[in-house]
Amino acid sequence: MVPQARPQSGELRVLVLEDEVLIRLAIAEELRAQGLVVIEAVNADEAWSYLKAGGHIDLVFTDVCMPGSMDGREFANRVRGTYPEIHIVMTSGQKMALTEEEVAHFLPKPYAFDQAARFVMNILNSKNQQTF
Amino acid sequence: MDDGCILIVESDVLVRAPLAEYLRECGYRVLEAAHGEEARAILAKESAAIDIVLANVNAPKESGFALANWIRQNFSTIDVVLAGTVAGAVEKAADLCEEGPADTVPYDHKFVHDRIRQLLAGRARAKAKDEDKS
């Protein structure tokens, strides 16, 4: 089975990485309510396999602390290196030292789901404005 | 508009994500679980909303059979569709699920959609019958 590589016109696609299933469900549905197509991944390995299979993604929304072969931050670095066009939002409940690039796209936990959706939409909208 | 709510339990993201996306395009609300433990957490919170659980028989952590059995014991109004590739397993599953297992993995999206439509129509008929009685 091949994920959708070529999105429909105007369709924006977000990959959500979150190992807490009820948080993942809630944020994914909030983002879908904004008209986004949301792919859910339980860890970075799943998310990476989706991207490597050719699935088109505009923005990655990832928790930092996750089980698996890499955490959300390592995953974000890998995505930046391989797919620099993809925007990345990191979220965490732990205090951490962030790079300048990470600060602008960091959402501390706990977050309100509508607030998180607005955060994502602002980034996607600014991306679209840069494109035109 | 949601035409029904489906919970997909499938460990392979390359199978789960495209199927979920397809069914959402068909108008369903689709919830996703990577394994039985996630499915149980979702069911504990969302059981009233869920019409059908579509689960892979050959899940790595907990078989679809065990999950189907648990769902039947705890949420008898939810229909379960098991999907798998082993003929014997499919036969066994018929004892567990009212509608019996029907699908094979990888999923034929249109086939799954047809099956979901049939199940939802059956549920709507049963509900109407119950309302007539009361």
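Worth saying up front: this structure is predicted, and the values here are computed from it rather than measured.

(A) Highlighting the overall build of chain A. For chain A, the count of helices and strands is five helices and five strands. The burial tally for chain A puts 38% of its 132 residues in the buried class. Restricting to contacts in chain A with at least 6 residues of sequence separation, those with at least 24 account for 63%.

(B) Seen up close, the sheet that holds strand E3 (residues 52–56) of chain B. Residue and element names in this part refer to chain B. Spatial ordering of the open sheet is given by E2-E1-E3-E4, a layout of four strands whose pairing is parallel. A strand with exactly one partner marks an edge of an open sheet, and here the two such strands are strand E2 (29–33) and strand E4 (79–83). Pairwise comparison of adjacent strand axes, ignoring direction, gives a mean angle of 20° for this sheet. In this sheet, E2 lies alongside strand E1 (residues 5–9) in parallel orientation, the contact comprising five bridges. The residue of E2 that forms the bridge with Ile8 is Glu32. Against the sheet, helix H2 (residues 36–46) contacts E1, E2 and E3, and its axis sits at roughly 140° relative to E2.

(C) Structural view of the sheet that holds strand E4 (residues 87–92) of chain A. Residues and elements named next belong to chain A. Taken in spatial order, the five strands make up an open sheet running E2-E1-E3-E4-E5, and their pairing is parallel. The open sheet has two edge strands with one neighbour each: strand E2 (37–41) and strand E5 (106–108). Pairs of neighbouring strands in the sheet enclose a mean axial angle of 20°, with direction left out of account. Across three bridges, the pairing between E4 and E5 is parallel. Residue Thr91 lies in a different strand from E5, and its bridge partner there is Leu107. Docked against the sheet, helix H1 (residues 21–33) engages strand E1 (13–17) and E2, running at close to 165° with respect to E2.

(D) Summary view of helix H1 (residues 13–25) of chain B. Over its 13 residues, H1 of chain B runs 18 Å from end to end, which matches the ideal 18 Å to within 8%, given 1.5 Å per residue. Inspection of H1 of chain B places Val13, Arg16, Ala17, Pro18, Leu19, Ala20 and Leu23 of chain B among the buried residues, and these make up the whole buried set. Packed against the buried residues of H1 of chain B are E2 and helix H2 (44–52) of chain A together with E1, E2 and helix H5 (109–133) of chain B. Immediately downstream of H1 of chain B, the backbone of Gly27 of chain B shows phi near 105°, a positive value.

(E) Spotlight on the interface of chain B and chain A. Facing the 15 residues of chain B at the interface are 15 residues of chain A. Put simply, the parts of the chain that give the side of chain B that touches chain A at least two residues each are H1, E2 and H2 of chain B. In terms of residue count, H1 of chain B provides more of the side of chain B that touches chain A than any other element does, six residues in total. Broken down by class, the residue content of the side of chain B that touches chain A amounts to eleven nonpolar, no polar and four charged.

(F) Layout of the environment of Ala34 of chain B. Following the sequence through the fold, Ala34 of chain B ends up in the loop between E2 and H2. Taking the C-alpha atoms as reference points, Ala34 of chain B and Ala83 of chain B, 49 residues apart in sequence, are found 14 Å from one another. Those residues within four positions of Ala34 of chain B in sequence are excluded, and the remaining contacts are Val42 of chain A together with Ser11 of chain B.

Rules used throughout
Residues numbered from 1 in each chain as written. Chains lettered and ligands numbered in written order. Predicted model: local features only at pLDDT ≥ 70, side-chain atom pairs only at ≥ 80, totals over all residues. Helix = DSSP H or I, 4+ residues; strand = E, 2+ residues; numbered from the N terminus. Buried ≥ 20, exposed ≤ 12 C-beta atoms within 10 Å, placed from the backbone. Contact = placed C-beta atoms within 7 Å. Pairing = 2+ DSSP bridges. Axes fitted to C-alpha atoms, helices over the stretch in contact; angles between N-to-C directions. Expected span 1.5 Å × (residues − 1). Nonpolar A, V, L, I, M, F, W, Y, C, P; charged D, E, K, R; others polar.

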